[in-house]
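# Coordinates in review
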Amino acid sequence: MIKKLISNFEEGFLSLLIVSMTLLVFAEVVARFGFNAGIHWAQEVTLLMSAWFVLFGASYGVKVGAHIGVDVFVKMLPNRIHRFLTLLAIVLCLIYCFLFLYGSWVYIGKLIKIGIELEDVPLPRWMPTSILVIGFVLLIVRFLQLGWKVIIGQADGFHFADEAEESMEIAKGLKESSLGDTDSNKDKGDKS
């Protein structure tokens, strides 16, 4: 139940961000070109929301396997080597995330110390920039979860979005539906 609540929260939050960005950009365009007046804070807020969307969405992408990857070679290897290379890749991803987490932590600390605000919104700059720390902590958690699943045998590797396979299935479905239409047209022609 908790997993479902977390998933629903993540999906809802990501949806809220993308819808908010879209509506804000739309309102800005209408205001600028329709009424020759802009929303002075729209660009900065849109940029911040997109940063939140990307960094929050990256960890969600690892969770659901939405990232694109080229793993044809690795899938051809024996299972033990495949798992070893997956664990090696996870360790490298964790090192990357820890480096960025450390740098983000130092950066946020300096922003707090300096005490500057955003340019167009009266808010301390460190608050919206905190997604750097949040995003990389979430990525670390996702990679640790994936690593654990590989170690205990629940997963054999990263689950990448296989766009080529999805495209082939769509093409196959379209071909079948067009053949079905052709067959039904033949039946109609035979009846008349």
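What you see is a predicted model, and the numbers here were worked out from it, not measured in a lab.

What counts, and where the lines are drawn
Residues numbered from 1 in each chain as written. Predicted model: local features only at pLDDT ≥ 70, side-chain atom pairs only at ≥ 80, totals over all residues. Heavy atoms only, no water. Helix = DSSP H or I, 4+ residues; strand = E, 2+ residues; numbered from the N terminus. Expected span 1.5 Å × (residues − 1). Buried < 20%, exposed > 50% of the residue type's maximum accessible area, 1.4 Å probe, protein only. Contact = heavy atoms within 4.5 Å. Patch = residues over 30% accessible without salt bridge, like charges linked within 9 Å, V, L, I, M, F, W, Y side chains within 5 Å. Areas by Shrake-Rupley, 256 points an atom, 1.4 Å probe, with all protein chains shown as cover. Salt bridge = Lys/Arg side-chain N within 4 Å of Asp/Glu carboxyl O. Axes fitted to C-alpha atoms, helices over the stretch in contact; angles between N-to-C directions. Parallel < 35°, antiparallel > 145°, perpendicular 65-115°, else oblique. Left-handed = near helix turned anticlockwise from the far one by under 90°. Nonpolar A, V, L, I, M, F, W, Y, C, P; charged D, E, K, R; others polar. Phe/Tyr/Trp six-rings, centres within 6.5 Å; stacked < 30°, edge-to-face > 60°. Bend = angle between axes of the 7 residues up to and from the residue. pLDDT = per-residue confidence, 0-100.

### Observations regarding helix α6 (residues 131–152)
- Given a rise of 1.5 Å per residue, 22 residues ought to cover 32 Å, and the 31 Å separating the end C-alpha atoms of α6 matches this to within 8%.
- Of the residues making up α6, those classed as buried are Ile131, Val133, Gly135, Phe136, Leu139, Ile140, Arg142, Phe143, Leu146, Gly147 and Val150.
- Looking at the buried residues of α6, the elements they touch are α1 (2–35), α2 (42–64), α4 (79–114) and α5 (126–129).

### Focus: a nonpolar patch on the surface
- Taken together, the side chains of Phe84, Leu88, Val91, Leu92, Ile95 and Leu99 present a nonpolar region at the surface, about 590 Å² in accessible area.
- Tracing the chain through its elements places isoleucine 95 in helix α4.
- With relative accessibility at 47%, the residue isoleucine 95 sits in the partly exposed group.

### Let's talk about the packing of α1 against α2
- Following both chains from N to C, one finds α1 and α2 inclined at 155 degrees, their axes separated by 10 Å at the closest point. Viewed along their axes, α1 and α2 adopt a mutual orientation that is roughly antiparallel. Viewed along their axes, α1 and α2 form a crossing whose handedness is left-handed.
- Taken together, the residues that form the contact of α1 with α2 break down as 15 nonpolar, 5 polar and 4 charged.

### A short note on unusual backbone geometry
- The backbone of asparagine 36 shows a phi angle near 55 degrees, a positive value even though the residue is not glycine.
- Inspection of the secondary structure puts asparagine 36 in the loop between α1 and α2.
- Classification of asparagine 36 as exposed rests on a relative accessible area of 72%.

### Focus on the packing of aromatic side chains
- Within this structure, the stated rule accounts for 6 aromatic pairs.
- On the basis of an interplanar angle of 80 degrees and a centroid distance of 6.5 Å, the ring pair of phenylalanine 9 and phenylalanine 56 is categorised as edge-to-face. Linking phenylalanine 9 in helix α1 with phenylalanine 56 in helix α2, this pair joins segments that are 47 residues apart in sequence.
- Here tyrosine 96 and phenylalanine 100 contribute two aromatic rings whose centre-to-centre distance is 4.8 Å and whose plane-to-plane angle is 50 degrees, an arrangement assigned as tilted. Of the two residues, tyrosine 96 and phenylalanine 100 both sit in helix α4, 4 residues apart, roughly one turn of that helix.
- Judged by relative accessible area, tyrosine 96 falls into the partly exposed class, the value being 46%.

### Comments concerning the side chain of glutamate 10
- Tracing the backbone shows glutamate 10 in helix α1.
- Discounting residues that sit within four places of it in the chain, glutamate 10 has contacts with Phe56, Tyr60, Lys63 and Arg142.

### Structural notes on α2
- Compared with the 33 Å implied by 1.5 Å per residue over 23 residues, the 31 Å span of α2 between its first and last C-alpha is a close match.
- Approximately 30 degrees is the largest bend angle found in α2, and it occurs at glycine 57.
- By the burial criterion, the buried members of α2 are Ala42, Glu44, Thr46, Met49, Leu55, Phe56, Ala58, Ser59, Tyr60, Gly61 and Val62.
- At its buried positions, α2 is contacted by α1 and α6.
- With its phi angle positive at about 75 degrees, glycine 65 sits one or two positions after the end of α2.

### Topic: the environment of leucine 88
- Among the secondary structure elements, leucine 88 is positioned in helix α4.
- Between the C-alpha atoms of leucine 88 and glycine 147, which are 59 residues apart in sequence, the distance is 9.5 Å.

### Side note on the confidence of the model for the chain
- When the pLDDT values of the chain are averaged, the result is 84; 83% of them are 70 or greater.
- By mean pLDDT, the top-scoring element of the chain is α5 (93), and the lowest-scoring one is helix α7 (residues 163–191) (66).

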